[in-house]
Amino acid sequence: MYQIHNPYQMMSQKNTTLGEFIIENQGEFQYSSGELSRLINSIRLAAKVVNHEVNKAGLVDILGNAGDTNIQGEDQQKLDVYANNAFIKTLTNREIVCGIASEEEDDFITIKGRNEKNDNKYVVLIDPLDGSSNIDVNVSVGTIFSIYRRVTPSGTPVTLQDFLQPGRNQVAAGYIIYGTSTMIVYTTGHGVNGFTLNPAIGTYYLSHPNMRFPEDGNIYSVNEGNYVHFPQGIKDYIKYCQKEEGDRPYTSRYIGSLVSDFHRNMIKGGIYIYPNTSKDPNGKLRLLYECNPMAMIAEQAGGSASNGFQRILDLQPSALHERTPFICGSKNMVEKAEGFMQSHKPSL
Ligand code: P6P
């Protein structure tokens, strides 16, 4: 188990900063021409900007509600709109990205670049502020990002095809969690590393090197309020988790914020489930900018992610905002849940 350093302690210890880590590991990335590093750096900057706003969200009532104007007469923005604009602006300014898709945008955004040559190589898909309904109750929220190389010819405008790639094509994926501390957790296909922001100096430090999903766990995360609408396989799996036998019953932990539930489960071992239901036949979570990036991180950390029948990263998307059932976490727990989904036989 790695030691989690106190961010305030880091100033006195030699700890790798995110910037140093990116430079030290740049060679690992097969396309490395520094552009992906600059892209990760731009996400780092946007995360700091958003973190500053998220952390004072509780003061919004004093400064003016979203939709009002604040004391400077500026329009008060909803935080998820603010986060969306911050990431789009930062990514656009760095001349690396040719297109952006976001949960907050109906269609993708084309970025031609200063030379209008459409020769930037990467597309980015983001959920700028996942779990934003938790902001008002001061519960952790997060940003999720997914990065691909474009597949259409350089020099032509980006197309929907560049975004509708299966998750296994991702070149990088990560999340920022705005919690008791702010962290960036990401992978470029060579393992998963977590960086904690030291707010005193605005620097991220490598606090969670080589993060690994424990193969087993005893935490299950699912909104059991939807139980009656779940497929029988998930109902059976939940009853399996609750049965007194062996290392069970498991603990139920559900924050209602994917990034937070995922992050805790990756550190402690556990499974997150958002299944299809009779109300939502394709589930609630979005494949492109929630499930694919989290699935890449999970697999890079030794975990797994499935829709109950197929590997998430193998799913061929057909629409920007399509949804998928999502089962993700400790490898052996996901396999068990898949067994129930695929057999539909009560195995209590
Ligand atoms: P429910 C937040 O809206 C989100 O997309 C995830 O972050 C979270 O895990 C899930 O939806 C919560 O959904 O239906 O349980 O409130």
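Everything discussed here concerns the structure shown above.
Computed from a predicted structure; not experimentally measured.

Definitions and limits used
- Residues numbered from 1 in each chain as written.
- Predicted model: local features only at pLDDT ≥ 70, side-chain atom pairs only at ≥ 80, totals over all residues.
- Heavy atoms only, no water.
- Helix = DSSP H or I, 4+ residues; strand = E, 2+ residues; numbered from the N terminus.
- Buried < 20%, exposed > 50% of the residue type's maximum accessible area, 1.4 Å probe, protein only.
- Contact = heavy atoms within 4.5 Å.
- Areas by Shrake-Rupley, 256 points an atom, 1.4 Å probe, with all protein chains shown as cover.
- Salt bridge = Lys/Arg side-chain N within 4 Å of Asp/Glu carboxyl O.
- Near = heavy atom within 4 Å.
- Nonpolar A, V, L, I, M, F, W, Y, C, P; charged D, E, K, R; others polar.
- Core = buried A, V, L, I, M, F, W, Y, C linked by side-chain atoms within 4.5 Å.
- Pairing = 2+ DSSP bridges.
- Axes fitted to C-alpha atoms, helices over the stretch in contact; angles between N-to-C directions.

1. Comments concerning the overall build of the chain
At step 1: Check the secondary structure of the chain and you find nine helices and 13 strands.
At step 2: Of all 348 residues assigned to the chain, the portion counted as buried reaches 55%.
At step 3: Here the contacts in the chain between residues at least 6 apart in sequence split such that 66% fall between residues at least 24 apart.
At step 4: Here the chain has roughly 15,100 Å² of accessible surface; of this, 47% comes from carbon and sulfur atoms.

2. Notes on the pattern of salt bridges
At step 1: In the structure shown here, the tally under the stated rule is eight salt bridges.
At step 2: As a salt-bridge pair, Glu 245 and Arg 248 come within 2.5 Å of each other at their nearest N and O atoms.
At step 3: A relative accessible area of 39% means that Glu 245 is categorised as partly exposed.
At step 4: Two residues, Arg 264 and Asp 261, come together in a salt bridge whose shortest N-O distance is 3.1 Å. Placement of the pair is Arg 264 and Asp 261 together in helix 7 (residues 258-268), with a separation of three residues, close to one helical turn.
At step 5: Residue class for Arg 264 comes out buried when judged on its relative accessible area of 14%.

3. Details of the site of the ligand
At step 1: Near the ligand, the surroundings consist of Asp 130, Gly 131, Asn 223, Tyr 254, Gly 256, Ser 257, Leu 258, Tyr 272, Tyr 274, Lys 284, Leu 285 and Glu 290.
At step 2: Burial of the ligand by the protein amounts to 79% of the accessible area it has alone, namely 400 Å².
At step 3: Class assignment of the residues belonging to the shell around the ligand gives a composition of five nonpolar, four polar and three charged.

4. Side note on the nonpolar core
At step 1: Judged by nonpolar contacts, the single largest core of 39 residues is most densely connected at Leu 39, Leu 129, Ile 147 and Tyr 186.
At step 2: Examining the composition of this core, we find that eight residues originate from one element, helix 2 (residues 35-55), more than from any other.
At step 3: Each residue touching Ile 147, except ones within four places of it in the same chain, is listed here: Leu 36, Leu 39, Ile 40, Ile 43, Tyr 122, Val 123, Val 124, Gln 170, Val 171 and Ala 172.
At step 4: Core analysis: the second largest hydrophobic core is formed by 31 residues, Val 185, Met 211, Phe 213 and Ile 312 among them.

5. What to know about the sheet that holds strand 4 (residues 141-149)
At step 1: Within the open sheet, the eight strands sit side by side as 2-1-3-4-5-6-7-8. Their pairing is mixed. Two strands in the sheet have a free side with no partner beyond their single neighbour: strand 2 (109-110) and strand 8 (203-208).
At step 2: Strands strand 3 (122-130), strand 4, strand 5 (172-178), strand 6 (182-187) and strand 8 of the sheet are contacted by helix 7, whose axis makes an angle of about 105° with strand 5.

6. Some words on unusual backbone geometry
At step 1: Here the bond from Arg 248 into Pro 249 is cis, since omega is 10°, no more than 30 degrees from zero.
At step 2: Backbone geometry at Asn 138 places phi at a positive 60°, although glycine is not the residue there.
At step 3: Considering the arrangement of structural elements, one finds Asn 138 in the loop between strand 3 and strand 4.
At step 4: Residue Asn 138 is classed as exposed on the basis of its relative accessible area, which comes to 73%.
At step 5: In this structure, Asn 210 is a non-glycine residue whose phi angle is positive, near 50°.

7. Quick word on the pairing of strand 6
At step 1: With six of six residues buried, strand 6 is to be regarded as a mostly interior element.
At step 2: Covered by surrounding structure in strand 6 are Thr 182, Ile 184 and Tyr 186 together with Met 183, Val 185 and Thr 187, the residues of both alternating faces.
At step 3: Sheet topology note: the strand 5/strand 6 ladder contains six bridges and is antiparallel. Counted as the bridge partner of Tyr 175 is Val 185 from strand 6.
At step 4: Counted along the chain from strand 5 to the antiparallel partner strand 6, the turn is three residues long.
At step 5: Looking at chain direction, strand 6 and strand 7 (residues 193-198) are connected through four bridges and run antiparallel. Within strand 7, the position partnered with Val 185 by the bridge is Gly 194.

8. Describing the environment of Leu 206
At step 1: Inspection of the secondary structure puts Leu 206 in strand 8.
At step 2: Residue classification places Leu 206 among the buried positions, given a relative accessible area of 15%.
At step 3: Put simply, Leu 206 and Phe 21 are 185 residues apart on the chain and 7.8 Å apart in space, counted from C-alpha to C-alpha.
At step 4: Setting aside residues no more than four positions away along its own chain, Leu 206 makes contact with Asn 15, Thr 16, Phe 21, Asn 193, Gly 194 and Phe 195.

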